[in-house]
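Secondary and tertiary structure notes
Single-letter residue listing:
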Amino acid sequence: MTPVPALRLTGLAKSFGDKVAVDRIDLDVPAGSFFGLVGPNGAGKTTSLSMAVGLLRPDAGRAEIFGTDVWADPARAKALIGVLPDGLAMPERLTGRELLTYLGLLRGMDPAAVTARADELLAVLELDGADRTLVLEYSTGMRKKIGLATALLHAPRLLVLDEPLEAVDPVSAATIKVILQRFVAGGGSVVFSSHVMPVVEQLCDRVAVVTGGRVVAAGPIDEVRGGRSLEDRFVELVAGRTADAGELAWLAS
Ligand SMILES: Nc1ncnc2c1ncn2[C@@H]1O[C@H](COP(=O)(O)OP(=O)(O)OP(=O)(O)O)[C@@H](O)[C@H]1O
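Basis of the calculations
- Residues numbered from 1 in each chain as written.
- Predicted model: local features only at pLDDT ≥ 70, side-chain atom pairs only at ≥ 80, totals over all residues.
- UniProt positions renumbered as here; feature names shortened; annotations may be inferred.
- Pairing = 2+ DSSP bridges.
- Helix = DSSP H or I, 4+ residues; strand = E, 2+ residues; numbered from the N terminus.
- Contact = placed C-beta atoms within 7 Å.
- Axes fitted to C-alpha atoms, helices over the stretch in contact; angles between N-to-C directions.
- Near = placed C-beta within 6 Å.
- Nonpolar A, V, L, I, M, F, W, Y, C, P; charged D, E, K, R; others polar.
- Parallel < 35°, antiparallel > 145°, perpendicular 65-115°, else oblique.
- Left-handed = near helix turned anticlockwise from the far one by under 90°.
- Buried ≥ 20, exposed ≤ 12 C-beta atoms within 10 Å, placed from the backbone.
- Core = buried A, V, L, I, M, F, W, Y, C linked by C-beta atoms within 7 Å.
- Arc of directions from axis to C-beta.
- pLDDT = per-residue confidence, 0-100.

Under the annotation held in an unreviewed UniProt entry, the chain carries the name ABC-2 type transport system ATP-binding protein and is attributed to Catenuloplanes niger. According to the UniProt record, the Subcellular location (unreviewed entry) comment for the chain is "Cell membrane".

Structure below.
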């Protein structure tokens, strides 16, 4: 029997008016994998991940977390996942510590465990000096880190992270990578979107390339790369235009 995937998307679709953002995507993220979702700007990554975690209702298709339909049984599915959404909408008039406490209690966690885990997460993510600062005043990188802390707090089985390393300084990025690697080594699964191919190559064992709302390649990273760098393969698959020598000539002084 094949093990149930951490995340399965089947025929998932979403349009905004005339714009088809996600065009019947099928995707399996096997349990225990470290999965990268890459694609050019506007490819449909955020829209797909938002539907996958129950934040955006699909027009068609299914999203399942460990076999639980996200839209039929959202409470059960959401208990299994930790989410770092794009845009990082979160209550802003709370300090980082208050935010973690509030979300932990909302999830029904034991208050003592919430306090202990919040202490640990704030320290590991180097936010302990900012635990009395309102999230409103956090920098973009600090928001990513507190968002990651909220995603980890209840020890989920699957992390779904939209560009978790974007705007994060290199020291914090190294810390986050270690946390995610430890999470996977401990039996967790991660799916994250990124534009940074070397990071995806460094961390992931599997990757999917999305463009125009469709998956154009997916599988073990070595298979998708086919002996080349992921960046080269990505550019080939996505076939974007690059400015030729004649264009933007006015930029030269
Ligand atoms: N709320 C919305 N209303 C209208 N169009 C939208 C909305 N959200 C996304 N889109 C459109 O859907 C398409 C996919 O967007 P999406 O944000 O999913 O792409 P992405 O792959 O995450 O891009 P990026 O790498 O730039 O973050 C784009 O053309 C975008 O303009």
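Let us look at the sheet that holds strand β2 (residues 19–29). The sheet built from 4 strands is open, its strands ordered β2-β1-β4-β5 with antiparallel pairing. For this open sheet the edge positions go to β2 and β5 (68–69), each flanked by a neighbour on one side alone. The sheet contact formed by strand β4 (residues 60–65) and β5 spans 2 bridges and is antiparallel. Counterpart to Ile65 in the pairing with β5 is Thr68. Across the sheet, helix α1 (residues 45–52) lies against β1 (7–16), β2 and β4, angled at about 120° from β1, the strand it touches most.

Turning our eyes to something else, we now look at the site of the ligand. Close contacts around the ligand come from Phe16, Lys19, Ala21, Gly39, Asn41, Gly42, Ala43, Gly44, Lys45, Thr46 and Thr47, and that covers them all. Looking at the shell around the ligand, the elements that each hand over two or more residues are β2 and α1. Per-element accounting of the shell around the ligand gives the leading share, 3 residues, to α1. Its residues assigned to classes, the shell around the ligand shows 3 nonpolar, 6 polar and 2 charged.

Strand order in this open sheet of 6 strands is β6-β7-β8-β3-β9-β10, and the pairing throughout is mixed. Strand pairing shows two members of the sheet lacking a second neighbour, β6 (81–84) and β10 (214–220), which therefore form its edges. The sheet shows a mean angle of 15° between the axes of neighbouring strands, direction not considered. Two elements, strand β7 (residues 158–162) and strand β8 (residues 189–193), share 5 bridges in a ladder whose sense is parallel. For Asp162, the partnering residue across the bridge sits in β8 and is Ser193.

Interaxial distance between helix α3 (residues 96–106) and helix α5 (residues 140–152) falls to 10 Å at its minimum, and their mutual angle equals 25°. By the angle between their directions, the pair α3 and α5 is classed as roughly parallel. Once α3 is placed against α5, the crossing between them reads as right-handed. Contacts between α3 and α5 pair Gly96, Leu99, Leu100 and Leu103 from the former with Ile146, Ala149 and Thr150 from the latter.

Across the two faces of β6 the burial is the same, with Ile81 and Val83 and Gly82 and Leu84 all buried. Two strands pair when backbone bridges link them, and β6 and β7 are joined in this way by 4 bridges, in the parallel orientation. Bridge assignment links Leu84 to a residue of β7, and that residue is Leu161.

It is worth spelling out the nonpolar core at this point. Of all hydrophobic cores here, the largest spans 62 residues; its most connected members are Ala52, Ala149, Val160 and Val190. Examining the composition of this core, we find that 6 residues originate from one element, α5, more than from any other. Contact partners of Ala52, with chain neighbours within four places excluded, come to Leu7, Leu9, Ala63, Val70 and Val160.

Taken together, the buried positions of α3 are Gly96, Arg97, Leu99, Leu100, Leu103 and Gly104. Down the axis, α3 shows its buried residues gathered within 160° of arc, on one side only. In α3, the exposed positions that point more than 90 degrees away from the buried face belong to Leu105 and Leu106. Buried residues along α3 sit in contact with α4 (111–124) and α5. In the segment just after α3, Gly108 is the residue with positive phi, at about 80°.

Right, let's get into the confidence of the model for the chain. Looking at the chain as a whole, its pLDDT mean stands at 91, while 96% of the residues score no less than 70. Two numbers describe this predicted complex: its pTM, 0.91, and its ipTM, 0.97.

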